[in-house]
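Spelled out from the first residue to the last, the chains are:
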Amino acid sequence: MADPDFEMSLVKMFADAPTLRDSEDFARRVEARLDRGWQMRQALIWTLGLAGGAIGVTQMFTSRMLVQVGAVSEESTRMLDEGISNISNLQGSLNALPLGGEVVWMAAALGVMALAFAITRAVEEF
Amino acid sequence: MNASKTAGLHDVELAALAAAGDRAAFGELVRRHGSSVRGLLRRMGADPSLADDLAQDAFLAAFERIAEFRGEGTFAAWVRRIAARLYIRRWRREGLMDQALDDQEETSGGEAIAASRIDLDGALKILAPAERMCVSLCYGAGLSHAEAAEALNAPLGTVKSHVKRGLDKLRHKLAPAGGSSDGRREHG
């Protein structure tokens, strides 16, 4: 038959464990293991980071990435120059038109609004 | 954070600091509750050296999972549950579980304990290993009968009967000398 009083006193007796004499040593051993685990984790992160970095650098050199980056950079510079030149030409053409600058800007704004509207519709439909 | 600052904090505050990576705060929790966890493992039947090893493992596991501790129960009870499960796992790995659950022999013949100073540690020694394990799990680690059955991979009825037999024996042995054995004794 269940005896709640006895069961409660049993729980209390289990909870009231006497303090062991070497409890401080025990705590120090747990802390040492925690520190050791933490140091190992840090060492592992460093090792993996270094290994990853070394692999990345090796890949960069073996794939001639620097040469390719240089080539791409030159090509970009050339395209940028061309773009600026085209814009200058466009500005000259606009100035030649029999319209005011305001009209051109309004047309551009309307174009942007139309594009935004089209995108909104497309998003709603899909 | 240094030891003097952690000493005045509540367990829940220390656990929150530990969850943020403060190992000194966790060390204070170990200082406070190490004996309780080691004591439970010894009462479950582990020898002192195994109890210490498992208690260390339990605290390390608790540190890894400290974010799961919400302060709903006590920190000590939470770690005791972890430790008890580790001990059960050890038992099962060493194949002692089935043998113990079938074994109904009392470990010290059931003779009366000296009436002058009867304590729980002494009383537990008269229980069969399975009774001792089930009683410790339910009253020391705070597992329900169902949780204990699941942890032990044993039928619920088996666990209940071990607990009942163990309680009956403890009630008898912990009763005051010459007094009734109905267990209605205050254990301060």
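Residues numbered from 1 in each chain as written. Chains lettered and ligands numbered in written order. Predicted model: local features only at pLDDT ≥ 70, side-chain atom pairs only at ≥ 80, totals over all residues.

1. Some thoughts on the overall build of chain B
- The helix and strand tally for chain B stands at 10 helices and 0 strands.
- Across chain B, helices and strands are ordered from the amino to the carboxyl terminus as α-α-α-α-α-α-α-α-α-α.
- Looking at chain B as a whole, 47% of its 188 residues are labelled buried.
- Pairs at least 24 apart in sequence give 56% of the contacts found in chain B among residues at least 6 apart. (Helix = DSSP H or I, 4+ residues; strand = E, 2+ residues; numbered from the N terminus. Buried ≥ 20, exposed ≤ 12 C-beta atoms within 10 Å, placed from the backbone. Contact = placed C-beta atoms within 7 Å.)

2. Examining the overall build of chain A
- When helices and strands are counted, chain A shows 4 helices and 0 strands.
- When its helices and strands are written in sequence order, chain A yields α-α-α-α.
- By the burial criterion, 7% of the 126 residues in chain A qualify as buried.

3. Observations regarding unusual backbone geometry
- Residue B:Asn153 is not a glycine yet carries a positive backbone phi of 55°.
- Summarising the element assignment, B:Asn153 is placed in the loop between α9 (145-152) and α10 (156-174).

4. With respect to the confidence of the model for chain B
Residues and elements named next belong to chain B.
- Averaged over every residue, the pLDDT of chain B is 81; the share at 70 or more is 78%.
- Ranking the helices and strands of chain B by mean pLDDT puts helix α4 (residues 48-64) first, with 94, and helix α6 (residues 96-102) last, with 61.
- The low-confidence segment residues 107-118, where pLDDT is below 50, has 15 contacts with residues more than four positions distant or belonging to other chains.
- When the criterion is pLDDT under 50, residues 178-188 qualifies, and its contacts beyond four places in sequence or with other chains add up to 18 contacts.
- Both scores are available for the predicted complex, with the pTM at 0.63 and the ipTM at 0.72. (pLDDT = per-residue confidence, 0-100.)

5. What about the interface of chain B and chain A?
- Taken together, the contact pairs 25 residues of chain B with 24 residues of chain A.
- If you list the elements that add at least two residues to the side of chain B that touches chain A, you get α3 (23-44), α4, α8 (129-140) and α10 of chain B.
- In terms of residues, the side of chain B that touches chain A owes the most to one element, α3(B), which gives 11 residues.
- Of the residues assigned to the side of chain B that touches chain A, the class counts are 9 nonpolar, 9 polar and 7 charged. (Nonpolar A, V, L, I, M, F, W, Y, C, P; charged D, E, K, R; others polar.)

6. Let's talk about the confidence of the model for chain A
- Summary statistics for chain A give a mean pLDDT of 81 and a share of 89% for residues scoring 70 or more.
- The spread of mean pLDDT over the elements of chain A runs between helix α3 (residues 65-96) of chain A, the lowest at 80, and helix α1 (residues 4-15) of chain A, the highest at 87.

7. Points about helix α2 (residues 11-19) of chain B
Residue and element names in this part refer to chain B.
- Looking at α2, one finds that the buried residues are Leu-14, Ala-15, Leu-17 and Ala-18. For α2, the angular spread of buried residues about the axis comes to 160°, placing them on one side.
- With its phi angle positive at about 100°, Gly-21 sits one or two positions after the end of α2. (Arc of directions from axis to C-beta.)

8. Points about the nonpolar core
Residues and elements named next belong to chain B.
- Grouped together as the largest cluster of nonpolar side chains are 64 residues, with contacts concentrated most on Leu-41, Val-79 and Ala-83.
- Sort the elements by how many residues they give to this core and helix α5 (residues 75-93) lands first, with 10 residues.
- No fewer than three residues from each of domain 1 (1-94) and domain 2 (96-188) sit in this core.
- Apart from the residues within four sequence positions on either side, Leu-41 is in contact with Ala-46, Ala-51, Leu-54, Ala-55, Ala-83 and Tyr-87. (Core = buried A, V, L, I, M, F, W, Y, C linked by C-beta atoms within 7 Å. Domains from an automatic or database assignment.)

9. As for α3(B)
- Taken as a whole, α3(B) carries its principal kink of about 55° at B:His33.
- The positive-phi residue at the C-terminal boundary of α3(B) is B:Gly45, with phi of around 120°. (Bend = angle between axes of the 7 residues up to and from the residue.)

10. With respect to the packing of α3(B) against α4(B)
Residue and element names in this part refer to chain B.
- In the contact formed by α3 and α4, the axes pass within 9 Å of each other and the chain directions differ by 135°. If you check the angle between α3 and α4, you find them oblique. Classified by chirality, the crossing of α4 by α3 is right-handed. Note on element contacts: α4 touches α3 through Pro-48, Ala-51, Asp-52, Leu-54, Ala-55, Ala-58, Phe-59 and Phe-63, opposite Phe-26, Val-30, Gly-34, Val-37, Arg-38, Leu-41 and Arg-42.
- Class assignment for the residues of the contact of α3 with α4 results in 11 nonpolar, 1 polar and 3 charged. (Axes fitted to C-alpha atoms, helices over the stretch in contact; angles between N-to-C directions. Parallel < 35°, antiparallel > 145°, perpendicular 65-115°, else oblique. Left-handed = near helix turned anticlockwise from the far one by under 90°.)

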